[in-house]
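Architecture at a glance
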Amino acid sequence: MIRFGLRLSTRGGKESLVRLVVMALAVSVGVAMLLLTMATINGLGTQNSRGAWMATSPRFGNGQPNFAGRGTPPTATNSHTIWWLVTSSQFENQLIVRVDTAPVGAHPVVPPGIPQLPGPGEFYSSPALSALLKSTPSSELGDRFGGRQIGLIANSALPSPNDLVIVLGQSARTLSAANGAGKINSFVKTSNNGGPDTAGTTGLQIILGVLSLVLLFPVLIFVGSAMRLSAARREQRFAAIRLAGATMRQVAVVATIEALVAAIAGVVIGFGLYFLTVPALVHVPFTGHPLQAGDLRIGLFDVLVVLIGVPFAAAVAARIALRRVQVSPLGVSRRVTPRPPRWYRVIPLLAGIAELAYFESVRRPTSSGAQTEAYLLGFFLIMLGLVLAGPWLTMAGSKALAKRTSRVSALLAGRRLSDNPRGSFRAVSGLILAIFVTSVSVGVISTILADHGTTSTGSLASKTVVDQFAFSFTGDIRHLPTSLESSLRSIRGVTGETTIYVAPTGMSSDGPVPDVNGLGGDIQYGVATCASLATTPALGKCQPGATYAKLGDDIAFVQLTKSVTATASTVWPSAQLATDPSGLPVQVIAVATDGSTAVINRVETTLDRAFPYNTSASLFGEVNAQSSQLLSELETSSEVVILASLLIAGCSLTIAMAAGISERRRPFSLLRLSGVPLGVLQRMVALETAGPLLVISLVSALTGLVASDLFLRSQLGLTLRPPSPVYYLIVLGGLVGALAIMASTLPLLDRVTRPEDARTE
Amino acid sequence: MSLVTTPINIDTKDVLMEARDVEFDFGQTPALRKASVSIREGEVLAVMGPSGSGKSTLLHCLAGILVPKHGEIRLSGERIDTYPEHERSALRREKFGFVFQFGQLVPELSAEENVALPLLLGGLRRNEALVRAREWFERLGIEGLERRRSGELSGGQAQRVALARGLVAHPKVLFADEPTGSLDSLTGELVMELLVSAAREDGTTVVLVTHEPRVAAYADREVIVRDGQVSSLAANSPAS
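Calculation notes
Residues numbered from 1 in each chain as written. Chains lettered and ligands numbered in written order. Predicted model: local features only at pLDDT ≥ 70, side-chain atom pairs only at ≥ 80, totals over all residues. Heavy atoms only, no water. Helix = DSSP H or I, 4+ residues; strand = E, 2+ residues; numbered from the N terminus. Buried < 20%, exposed > 50% of the residue type's maximum accessible area, 1.4 Å probe, protein only. Contact = heavy atoms within 4.5 Å. Areas by Shrake-Rupley, 256 points an atom, 1.4 Å probe, with all protein chains shown as cover. Pairing = 2+ DSSP bridges. Axes fitted to C-alpha atoms, helices over the stretch in contact; angles between N-to-C directions. Salt bridge = Lys/Arg side-chain N within 4 Å of Asp/Glu carboxyl O. Polar contact = N/O pair within 3.5 Å; in protein donor to acceptor, adjacent residues only side chain to side chain. Nonpolar A, V, L, I, M, F, W, Y, C, P; charged D, E, K, R; others polar. Right-handed = clockwise from strand over helix to strand, strands pointing away. Disulfide = S-S within 2.5 Å. Patch = residues over 30% accessible without salt bridge, like charges linked within 9 Å, V, L, I, M, F, W, Y side chains within 5 Å. Phe/Tyr/Trp six-rings, centres within 6.5 Å; stacked < 30°, edge-to-face > 60°. Lys NZ or Arg CZ within 6 Å of the ring centre and 35° of its normal. Core = buried A, V, L, I, M, F, W, Y, C linked by side-chain atoms within 4.5 Å. Expected span 1.5 Å × (residues − 1). Arc of directions from axis to C-beta.

Helix and strand counts for chain A stand at 21 helices and 18 strands. Of all 761 residues assigned to chain A, the portion counted as buried reaches 54%. Relative to all contacts within chain A whose residues are 6 or more apart in sequence, the contacts with residues 24 or more apart total 82%. Here chain A has roughly 31,900 Å² of accessible surface; of this, 62% comes from carbon and sulfur atoms.

Pasting the structure below:
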């Protein structure tokens, strides 16, 4: 029977050969997409691991990172030990990772990508930073670092070729005095080591992993759809085999062999397609940072999973499909009329939304652990609910359409969909999760980014540079370098400077201090002279006649999820201070400029040079640039996943569409023969395939945005902001692409239903 | 019945449709060779002949499904074989009805929706189309089956539904290609009786392709297609 099955598959005439080739090609496209998704997951992992060394953090006896001397110094100093400090600098909205090192032992460890530790006054830089240093006046960039470049950091140590990284050599004495510096003996090899996330990669890999896994659903659905191609025609032939005396068991063997032959051929061609297309994938900006050639690889495990898994799944699917139908010698019939999906399938979806709404309107769990569990449960319920409710929604929608319409195409499409809502939904079921997850991601991210507030060019905030100290754990800076003020004043274009000091405990004011970030909590107040504050209007102003102003420490409050700044209209209360505050610890230095890029760069360079190990000086309006960049990368990834999943769903639907046309070629031919215009049939086929795609995309995107709104309201106190136009363009582009792929099948309808061919059926 | 020698004497009086010297081939295989036939308004014409003789091809040429290589097809005196495809489609939709051997019902639609299809295509509102479709169920003795799908109908029931669909829009000509070919003789006779009586009531001309003399006996007149040529038989006595 196996030999018979093989012969039937490969030498069963033109029709069976065409069927085999089409199935194999469809499977090959699915396999190639599966491999590309796996390669992407691996590539993002490789990319992150390559930059993991920058996340190496000095650890202390209590296991906590070293911040301002909190913790116990390590005892294990050996010949490999070095001093180590990773900070960052901001240059025209780009993040520069700065690594300061100094040898301790005789054989110091050397970071990846450079041949040796740079000596004091020397540095290695990434190729992109090297080019930037050469093309930018040193007063605007190079002076931040000083020293002499002695080489380039190899790309093998950079997540992306365009990353800006510098490794500076210092003397052990200098670096040991820097707050935040510590000793290390080795480098971490994965980014999730719990250290400070200077490179901005911690957590990104996990989220990207989730996004990539989400992409697997539509791909697997596509492979499954490919295996169901021409199922009806095959089943009819099985009936003929039964008529010739074959048992059901023998028919099952034939079906399995046929599926295996197509799947194995598809896997082989799929690997070929993968190797042809993988070089182009390097250029896809998954995170905004391009991958490097060679990042996209598949491992032996991946290869084995596809090589064995796809044919095995195909064989199992063929057996299951055969069990759903009764193949008798007289023909094929559905074994049982499937029960229509019931309304209670929407319960989990409603429960998930209700849970998030409860947190939003009533109360949310107090501990962060309970919050995580509660939100995960809510999102899981919604995802499960979408998958369960999908067939019911398909049936309800299509029934309503068929019941009311007077258009033949809508009537036919509606009846077809309501007849088999599970089958109709299956082709887009992978899409629903992908669109939901990415819409939640885009909704949350775009709201956070909008809340961060980007300042328009020319506004006060985009002309004022701030250097904050309180948040960088650099401890007390009681005496600013004497040259700093004169250096700043000497820059043409600087219009004012304010130093905010840490307010003494118990300092009173004649009114409450505005709570800029709206979160309340412990506030470390600041104090500044009104004379200086008047020169930096972006920070707000004093009450009329006041000498000192009492400020909140949240004039530039920055978190990943929420960043706010004071505005020019903020009025700070008068502080009751007996003496000049200049002897107090410094909290913030703010410098007002004329807004020109060169002046801003020079001010930032001057401040960074004065406080090299402190958090980078940056524009007041862009204090959130680093977190914004990370979020933007995630948003880009989400949009790539949306686009890819829509296109893949388009491919799945194309197969479903082709199968649907093939199954109904006789009634369609006879309808055309009776004068039914081809356009009616085309509209019908387009409706029954594009309809679910559009509706499901809309439902899952809306559900995702609603869920993200509830999450934002309850967890972050924010209201959902509309995603950027790019999101709409991506969704629209993906839908148009998917529809275009599906439209490619329409000529098939014309070919297989020509009235003159109906007589040969 | 006695065989009349070709060429057929065409009486142009009351002629609704005619084929003149029609030739058609499928590649190297000739199907029709100078086939000529005329059909009077309101008559039931049986086209008989053995398998492969070209009778279905003749029906398809008459109905504008196939375009003859040579010769002409006229409806009410006007040539229709020169119409472009979309006009021939419109003609089939508006002036012709069809009944085939099997498989013409759309499986997803209920019986009444299947019958209403030509009316919906003609732009009638849904409710009105369904009301008019339901009238045919009683007329053809299949009341109660309106909501059933084609898979839930017997062969005879399905053919009666197909017949209702073919006649619901009151076509000028009903083309029936082996309408009883998949039915037992008793059911076949019932379907034929209904077909002929309904057509006569509505004044619809019927072109009936069959190879069964018993079916052809319901026609007013019979022609025989053999080797792509048409011969005429004497007129039948009215079917009982």
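Next comes the rest of the account.
Now for the overall build of chain B. On a plain count of helices and strands, chain B comes out with seven helices and 11 strands. Within chain B, buried positions represent 57% of all 240 residues. Accessible area of chain B: about 10,300 Å², with a carbon and sulfur share of 47%.

Residues and elements named next belong to chain A. Reading across the sheet, the six strands line up as β4-β3-β5-β2-β1-β6 and stay open at both edges, with mixed pairing between neighbours. Pairing within the sheet leaves two strands with one partner each, and these edge strands are β4 (148-152) and β6 (182-184). Between one strand axis and the next, the sheet turns by 35° as a mean value, whatever way the strands run.

What follows deals with the interface of chain B and chain A. Across the contact, 27 residues belong to chain B and 26 residues belong to chain A. At the junction of chain B with chain A, the criterion picks out two salt bridges. One salt bridge in this structure joins D419 of chain A and R149 of chain B, with 2.6 Å as the shortest N-O distance. Counting across the chain B and chain A interface gives nine residue pairs in polar contact (both at pLDDT 80 or more). Ranked by residues supplied to the side of chain B that touches chain A, first place goes to helix α3 (residues 111-121) of chain B with four residues. In the side of chain B that touches chain A, the residues fall into 14 nonpolar, five polar and eight charged.

On to the pairing of strand β8 (residues 173-177) of chain B, then. All names here are of chain B. With respect to burial, β8 is a largely interior element, five of its five residues being buried. Of the two faces of β8, both are covered, the one formed by V173, F175 and D177 as well as the one formed by L174 and A176. Bridging between β8 and strand β9 (residues 205-209) involves five bridges; their strand directions are parallel. Of the residues in β9, the one forming a bridge with F175 is V207. Considered for its hand, the β-α-β crossover made up of β8, helix α6 (residues 185-202) and β9 is right-handed.

Now for the packing of helix α17 (residues 665-673) of chain A against helix α18 (residues 678-716) of chain A. All names here are of chain A. It is the contact of α17 with α18, at a shortest axis distance of 9 Å, that shows an interaxial angle of 145°. Here F668, L671 and R672 of α17 come into contact with α18, specifically with L678, L681, M684 and V685. Residue classes in the contact of α17 with α18 are distributed as six nonpolar, no polar and one charged.

So, about the state of the cysteines. Residue and element names in this part refer to chain A. The final tally for this structure, using the stated rule, is one disulfide over all chains. For C530, the disulfide goes to C542, at an S-S distance of 2.0 Å. Handedness of the C530-C542 disulfide follows from its S-S torsion of about -100°: it is left-handed. Here C542 lies in strand β12 (residues 541-542) and C530 lies in helix α14 (residues 530-533), a separation of 12 residues in the sequence. On the basis of relative accessibility, which here comes to 11%, the residue C530 falls in the buried class.

Another aspect to go through is unusual backbone geometry. Positive phi values are uncommon outside glycine, yet K34 of chain B reaches one of about 50°. For K34 of chain B, the location among the structural elements is in strand β3 (residues 29-40).

What follows concerns the pattern of salt bridges. When their charged atoms lie close together, side chains carrying opposite charge are able to pair. What the rule picks out here adds up to 29 salt bridges over all chains. Because the salt bridges share partners, they merge into one network encompassing E18, R20, E72, R74, R79 and D81 of chain B.

Moving on, we get to a nonpolar patch on the surface. Residues and elements named next belong to chain A. A cluster of nonpolar side chains, L300, L304, L307, I308, F312, V316 and I320, forms an exposed patch at the surface whose accessible area comes to about 680 Å². Residue position: L304 is located in helix α8 (residues 300-323). Using a relative accessible area of 40% as the deciding quantity, one classes L304 as partly exposed.

The subject of this paragraph is the packing of aromatic side chains. Per the stated rule, a full pass over the model turns up 12 aromatic pairs over all chains. Look at Y727 of chain A and Y728 of chain A: their rings are 5.5 Å apart centre to centre, the planes differ by 75°, and that puts the pair in the edge-to-face class. Judged by its relative accessible area of 42%, Y728 of chain A falls in the partly exposed class. Between F96 of chain B and F175 of chain B, the aromatic rings sit 5.0 Å apart at their centres with planes inclined by 80°, giving edge-to-face as the arrangement. In this pair, F96 of chain B is assigned in strand β7 (residues 96-99) and F175 of chain B in strand β8, connecting sequence segments 79 residues apart. Residue F96 of chain B shares its accessibility class with F175 of chain B, and that shared class is buried. Members of the aromatic cluster, each reached through a chain of ring pairs, are F96, F98, F100 and F175 of chain B. Geometry around F24 of chain B places K69 of chain B over its ring, the cationic atom sitting 4.5 Å from the centre. When the ring centre of W136 of chain B is taken as reference, the NZ or CZ atom of R139 of chain B above it lies at 4.1 Å.

F379, F436, V685 and L693 of chain A together with V161, L163 and L195 of chain B are the most contacted members of the largest nonpolar core, which totals 108 residues. In terms of residue count, the dominant contributor to this core is helix α12 (residues 421-452) of chain A (15 residues). The contact partners of F379 of chain A, leaving out residues within four places of it in the chain, are L356, F436, V440, A707 and F711 of chain A. Counting 36 residues, the second largest nonpolar core, distinct from the first, contains L16, I65, I73 and V223 of chain B.

Residue and element names in this part refer to chain A. The end-to-end C-alpha distance of helix α19 (residues 725-743), which contains 19 residues, comes to 26 Å, matching closely the 27 Å that a straight helix rising 1.5 Å per residue would cover. For α19, the set of buried residues is Y727, V731, G734, L735, G737, A738 and M742. Buried residues of α19 fall within an arc of 160° about the axis and therefore sit on the same side. In α19, those exposed residues whose orientation departs by more than 90 degrees from the buried face are P725, L729, L732 and V736.

Purely geometric numbers; function is a separate question.
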